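Each chain, letter by letter, is given below.
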Amino acid sequence: MNALDPASFPDFFIVGAAKAGTTAVWHWLRQHENVFLPDVKEPGYFAFNNVSARPEKGPCDPAYVARITTDSKSYSSLYRAAGSRLKGEASPFYLSHPSAAYAIARVRPDARIIVILRNPVERAFSQYLHHVRDGLEPSRSFEAALDAEPHRLANRWSAAYGYMANGHYPVQIARFLAVFPKDQVLFLEYGALQCDPEESWGRICDHLNLHRRPIVLSDRVNATSTLSQVPGRPGISRHLTHPGPIQSTLKKIISPQIRTRMRQYLEGPGKAVPRLSDATRAALTQKYMQDRPQLEALVGSSLDHWYA
């Protein structure tokens, strides 16, 4: 990819927040005939250009890490079939990444940016549930994970374990507004994606100068909102369901039917989905309250319903 050629990079970026509905918007835009989004939903190039995407410590999903694009040639190849269509990318960790905004602006200062915000308490808990579901959360409770968060981040775990840290939006938004004019940044809210998707879709089309074609609402805004249970033995479940030596060996020597029965036996019965306690919700809401005046000024709208 020629770093001096802005046209070789995407025209717009869905930058986050994580667990705020970026996957739904990605799906909506992929249905538009004048838009091209690569099959790799979260290339992450502007966060991991020429550096390893694998965290130094802590659990991670190796299959997810393997999909992150860290070199310009691979990133360029993602857009080979774009033609004249509007090119986009959706990497929700760009919002919280300390340098992604500047990296994007260096090559596409004219890019359109889409930011989707979610009540930071609900966002944090949804990220925790995502990790519990995938066998990536060692702590036995959300509260224990919050207590462990400073130590984890200081010891270079994935930034995705910043359950509380990643909900402090003003500093994240300020990084983008420091390098992009405000009229190039669209702010959406997770609740609006759920309650009035047509209105959100219209705003997206207007922001990207696209004609408004009918929206396709076949995908959930957030998968963790419909979890019915979580693994009873998450460590075992992770080894059995994610790519790795154990799974590769089992696939070679055991039929799919027997593997399914083995998995059900080894995983044991699922457990009830953890619930966010009223006390933890109230404590976190109080912590985020300090962000409210600056956040509302940045996005230009009231967020009363987050703090009720």
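Residues numbered from 1 in each chain as written. Predicted model: local features only at pLDDT ≥ 70, side-chain atom pairs only at ≥ 80, totals over all residues. Heavy atoms only, no water.

Undergrad: Explain the pairing of strand 4 (residues 112–117) to me, please; I cannot follow it from the model alone.
TA: On a regular strand, each side chain points to the face opposite its neighbour's, so the side chains alternate between the two faces of the sheet. Counting buried positions along strand 4 yields 5 of 6 residues, so the element is predominantly enclosed. Pairing of strand 1 (residues 12–16) with strand 4, which is carried by 4 bridges, proceeds in the parallel orientation. Paired with Phe12 across the bridge in strand 4 is Arg112. Sheet topology note: the strand 4/strand 5 (residues 185–189) ladder contains 5 bridges and is parallel. When the sheet's bridge partners are listed, Leu117 is paired in strand 5 with Glu189. (Buried < 20%, exposed > 50% of the residue type's maximum accessible area, 1.4 Å probe, protein only. Helix = DSSP H or I, 4+ residues; strand = E, 2+ residues; numbered from the N terminus. Pairing = 2+ DSSP bridges.)

Undergrad: How should the sheet that holds strand 4 be read in this particular structure?
TA: The strands making up a sheet are joined through hydrogen bonds of the backbone, oriented either antiparallel or parallel. Taken in spatial order, the 5 strands line up as 2-3-1-4-5 in an open sheet, and their pairing is parallel. At either end of the open sheet lies a strand with only one pairing partner, and these are strand 2 (35–36) and strand 5. Here helix 1 (residues 22–30) sits on the sheet and contacts strand 1, strand 2, strand 3 (86–90) and strand 4; the angle it forms with strand 1, its principal contact strand, is near 160°. (Contact = heavy atoms within 4.5 Å. Axes fitted to C-alpha atoms, helices over the stretch in contact; angles between N-to-C directions.)

Undergrad: I would appreciate a short explanation of the side chain of Glu137 in the present structure.
TA: Tracing the sequence through the fold places Glu137 in the loop between helix 6 (120–133) and helix 7 (142–154). A distance of 2.8 Å separates the side chain of Glu137 from the backbone nitrogen of Ser139, its partner in a polar contact. Within the local environment of Glu137, its side chain forms a polar contact with the side chain of Tyr163, the two groups lying 2.5 Å apart. The residues contacting Glu137, other than those within four sequence positions of it, are Tyr128, His131, Val132, Ala145, Arg152, Tyr161 and Tyr163. (Polar contact = N/O pair within 3.5 Å; in protein donor to acceptor, adjacent residues only side chain to side chain.)

Undergrad: Is there a simple way to think about the pattern of salt bridges in this case?
TA: Per the stated rule, a full pass over the model turns up 13 salt bridges. When the shortest N-O distance is used, the salt bridge between Arg108 and Asp11 registers 3.1 Å. You can see Arg108 sitting in the loop between helix 5 (100–107) and strand 4 and its partner Asp11 sitting in the segment before strand 1, a full 97 residues away along the chain. Like Asp11, Arg108 is buried. Of the charged contacts, one joins Glu122 and Arg281 as a salt bridge, the two residues approaching to 3.7 Å between their closest N and O atoms. Placement of the pair is Glu122 in helix 6 and Arg281 in helix 14 (residues 278–289), with a sequence separation of 159 residues. Since its relative accessible area comes to 31%, Glu122 is described here as partly exposed. (Salt bridge = Lys/Arg side-chain N within 4 Å of Asp/Glu carboxyl O.)

Undergrad: I keep staring at the nonpolar core and nothing clicks. Help me out?
TA: In globular proteins that are soluble, nonpolar side chains generally tend to be buried together. Formed by 64 residues in total, the largest nonpolar core has its most connected members in Leu29, Phe46, Tyr94 and Ile204. Other than its neighbours up to four places away in sequence, Tyr94 contacts Phe13, Val15, Gly44, Tyr45, Phe46, Ala47, Glu89, Ala100, Ile104 and Phe176. Val121, Tyr161, Val273 and Leu284 belong to the second largest nonpolar core, which has 16 residues in total. (Core = buried A, V, L, I, M, F, W, Y, C linked by side-chain atoms within 4.5 Å.)

Undergrad: Please clarify how the pairing of strand 1 should be interpreted in this entry.
TA: The buried fraction of strand 1 is high, at 5 of 5 residues. When strand 1 meets strand 3, the two strands line up parallel, connected through 3 bridges. Counted as the bridge partner of Phe12 is Gly88 from strand 3.

Undergrad: So what exactly am I meant to see when it comes to the side chain of His97 here?
TA: Along the chain, the position of His97 falls in the loop between strand 3 and helix 5. When its relative accessible area of 18% is taken as the criterion, His97 is described as buried. At a separation of 3.4 Å, a polar atom in the side chain of His97 contacts the main-chain carbonyl oxygen of Ala47. Look past the residues within four positions of His97 in its chain and what remains in contact with it is Ala47 and Arg175.

Undergrad: Looking at this structure, how should I read the packing of aromatic side chains?
TA: Between two aromatic rings, the relevant description is the distance of the centres plus the angle of the planes. Taken as a whole, this structure holds 21 aromatic pairs when the rule is applied. With a centroid separation of 6.3 Å and an interplanar angle of 80°, the aromatic rings of Phe46 and Tyr94 are classed as edge-to-face. Residue Phe46 is located in helix 2 (residues 45–48), and its partner Tyr94 is located in the loop between strand 3 and helix 5; the two are separated by 48 residues in the primary sequence. Assigned by exposure class, Phe46 and Tyr94 land together as buried. The cationic tip of Arg118 hangs over the ring face of Tyr190; the distance from NZ or CZ to the ring centre is 4.0 Å. (Phe/Tyr/Trp six-rings, centres within 6.5 Å; stacked < 30°, edge-to-face > 60°. Lys NZ or Arg CZ within 6 Å of the ring centre and 35° of its normal.)

Undergrad: Just to check I follow, could you spell out the packing of helix 1 against helix 10 (residues 197–207) for this structure?
TA: Between two packed helices, both the angle of their axes relative to each other and the distance between the axes serve to describe the pair. It is the contact of helix 1 with helix 10, at a shortest axis distance of 12 Å, that shows an interaxial angle of 65°. Viewed along their axes, helix 1 and helix 10 form a crossing whose handedness is right-handed. Within the contact between the two elements, helix 1 uses Val25, Trp28 and Leu29 and helix 10 uses Pro197, Ser200, Trp201 and Ile204. Its residues assigned to classes, the contact of helix 1 with helix 10 shows 6 nonpolar, 1 polar and no charged. (Left-handed = near helix turned anticlockwise from the far one by under 90°. Nonpolar A, V, L, I, M, F, W, Y, C, P; charged D, E, K, R; others polar.)

Undergrad: Got a minute to help me understand helix 7 in this structure?
TA: Residue pairs spaced three or four apart in an α-helix point in one direction, given the helix's 3.6 residues per turn. In a regular helix each residue adds 1.5 Å, so 13 residues correspond to 18 Å; helix 7 covers 19 Å between its end C-alpha atoms and thus fits that length. Where helix 7 bends most, at Ala148, the angle is about 45°, and the proline Pro150 comes one to four residues later. Among all positions in helix 7, only Phe142, Ala145, Leu146, Glu149 and Arg152 are buried. Looking at the packing, one finds that the buried side of helix 7 touches helix 6 and helix 14. Looking one or two residues past helix 7, Arg156 carries a phi angle of roughly 65°, positive in sign. (Expected span 1.5 Å × (residues − 1). Bend = angle between axes of the 7 residues up to and from the residue.)

Any functional reading would require information that these geometric values do not contain.
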